[in-house]
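The chain contents come next:
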Amino acid sequence: MTDEDLIRAALDAASAAGPRDVPIGAVVVAADGTELARAANAREESGDPTAHAEILALRAAAGVLGDGWRLEGATLAVTVEPCTMCAGALVMARVARVVFGAWEPKTGAVGSLWDVVRDRRLTHRPQVRGGVLADECAGLLEEFFARQR
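Residues numbered from 1 in each chain as written. Predicted model: local features only at pLDDT ≥ 70, side-chain atom pairs only at ≥ 80, totals over all residues. Heavy atoms only, no water.

A. Quick look at the overall build of the protein. Of regular secondary structure, the protein possesses five helices and five strands. Starting at the N terminus and ending at the C terminus, the protein contains elements arranged as α-β-β-α-α-β-α-β-β-α. Scaling as 2.2 N^0.38, a compact globule of 149 residues should have a C-alpha radius of gyration of about 15 Å, and the protein matches this with 14 Å. Considered along the principal axes of its C-alpha atoms, the protein spans approximately 40 × 30 × 30 Å. Each of the 149 residues in the protein was classed as buried or not, and the buried ones make up 46%. In the protein, 57% of the contacts between residues at least 6 apart in sequence involve partners at least 24 apart. With an accessible surface of roughly 7,500 Å², the protein has 51% of that area assigned to carbon and sulfur atoms. (Helix = DSSP H or I, 4+ residues; strand = E, 2+ residues; numbered from the N terminus. Rg over C-alpha atoms; globule rule 2.2 N^0.38 Å. Buried < 20%, exposed > 50% of the residue type's maximum accessible area, 1.4 Å probe, protein only. Contact = heavy atoms within 4.5 Å. Areas by Shrake-Rupley, 256 points an atom, 1.4 Å probe, with all protein chains shown as cover.)

Quick look at the structure:
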């Protein structure tokens, strides 16, 4: 799969977000390209502040692998730049690559506001590619927030 294919899969996952949840989707694929998990934001629906698409997808992927919490060799693709919580989680899960769509200048922790994943003090630093299908990913958010106003 190309990075564009991964973001398209994440966009598809975002469509499963509930009507009150920000439509962000995430997909985790193994090193061989096998999809392990996908998820959409579910904070509002579940009342869980940690129910970001990335966290839900990481949890599900770890469950699929069934051999612990390490997702070595895996790629996480998400429609929006991860926040600090999600960036920390993907580092701790040993995700090899992060691919994201829209940049998030207010809360982004993979290069915008912070750069958690490239902090040299950490024992694991995933590769990062941002801005993949950024306009399409940002458009989904713009539509959502326009409806909220």
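From this point on, the discussion continues.
B. Region of interest: the environment of Ala 134. Its location among the elements puts Ala 134 in helix α5 (residues 134-148). With 107 residues separating them in the primary sequence, Ala 134 and Val 27 have C-alpha atoms 16 Å apart. If we ignore the near neighbours within four places in the chain, the residues touching Ala 134 are Gly 101 and Ala 102.

C. Here's a closer look at the pattern of salt bridges. Per the counting criterion, the structure on display carries eight salt bridges. Here Asp 3 and Arg 97 are joined by a salt bridge, their closest N and O atoms 3.0 Å apart. Here Asp 3 is found in helix α1 (residues 3-14), whereas its partner Arg 97 is found in strand β4 (residues 97-102), with 94 residues between them in sequence. A relative accessible area of 12% means that Asp 3 is categorised as buried. Since its relative accessible area comes to 23%, Arg 97 is described here as partly exposed. Note that Asp 5 and Arg 8 form a salt bridge whose closest N and O atoms lie 3.6 Å from each other. (Salt bridge = Lys/Arg side-chain N within 4 Å of Asp/Glu carboxyl O.)

D. Highlighting the nonpolar core. Counting residues in each nonpolar core, the largest one holds 29 residues, and the members touching the most others are Ile 24, Val 28, Leu 58, Leu 71, Leu 76, Leu 90 and Val 95. A total of four residues in this core trace back to one element, the largest contributor, which is helix α3 (residues 53-65). Apart from the residues lying within four places of it in its own chain, the contact partners of Val 28 are Thr 34, Glu 35, Leu 36, Ala 37, Ala 57, Leu 58, Ala 61, Ala 74, Thr 75 and Leu 76. Residues Ile 7, Val 29, Ala 102 and Cys 137 belong to the second largest nonpolar core, which totals twelve residues. (Core = buried A, V, L, I, M, F, W, Y, C linked by side-chain atoms within 4.5 Å.)

E. Local environment of unusual backbone geometry. Of note in the backbone geometry, Arg 94 takes a positive phi value of approximately 65° without being a glycine. Mapped onto the secondary structure, Arg 94 falls in the loop between α4 (84-92) and β4. You will see that Leu 133, though not glycine, has its phi angle at about 50°, which is positive. Considering the arrangement of structural elements, one finds Leu 133 in the loop between β5 (127-129) and α5.

F. Local environment of the side chain of Asp 3. At a separation of 3.0 Å, a polar atom in the side chain of Asp 3 contacts the side chain of Arg 97. When sequence neighbours within four positions are dropped, the list of residues in contact with Asp 3 reads Arg 97, Val 99, Arg 129 and Val 132. (Polar contact = N/O pair within 3.5 Å; in protein donor to acceptor, adjacent residues only side chain to side chain.)

G. Inspection of the pairing of β4 at higher detail. Counted residue by residue, β4 has five buried out of six residues, so it is predominantly covered. Strand direction decides the pairing type here: strand β3 (residues 75-80) and β4, joined by five bridges, are parallel. Bridging from a neighbouring strand, Leu 76 pairs with Val 98 of β4. Taking the sense of rotation as the criterion, the β-α-β connection linking β3, α4 and β4 turns out right-handed. (Pairing = 2+ DSSP bridges. Right-handed = clockwise from strand over helix to strand, strands pointing away.)

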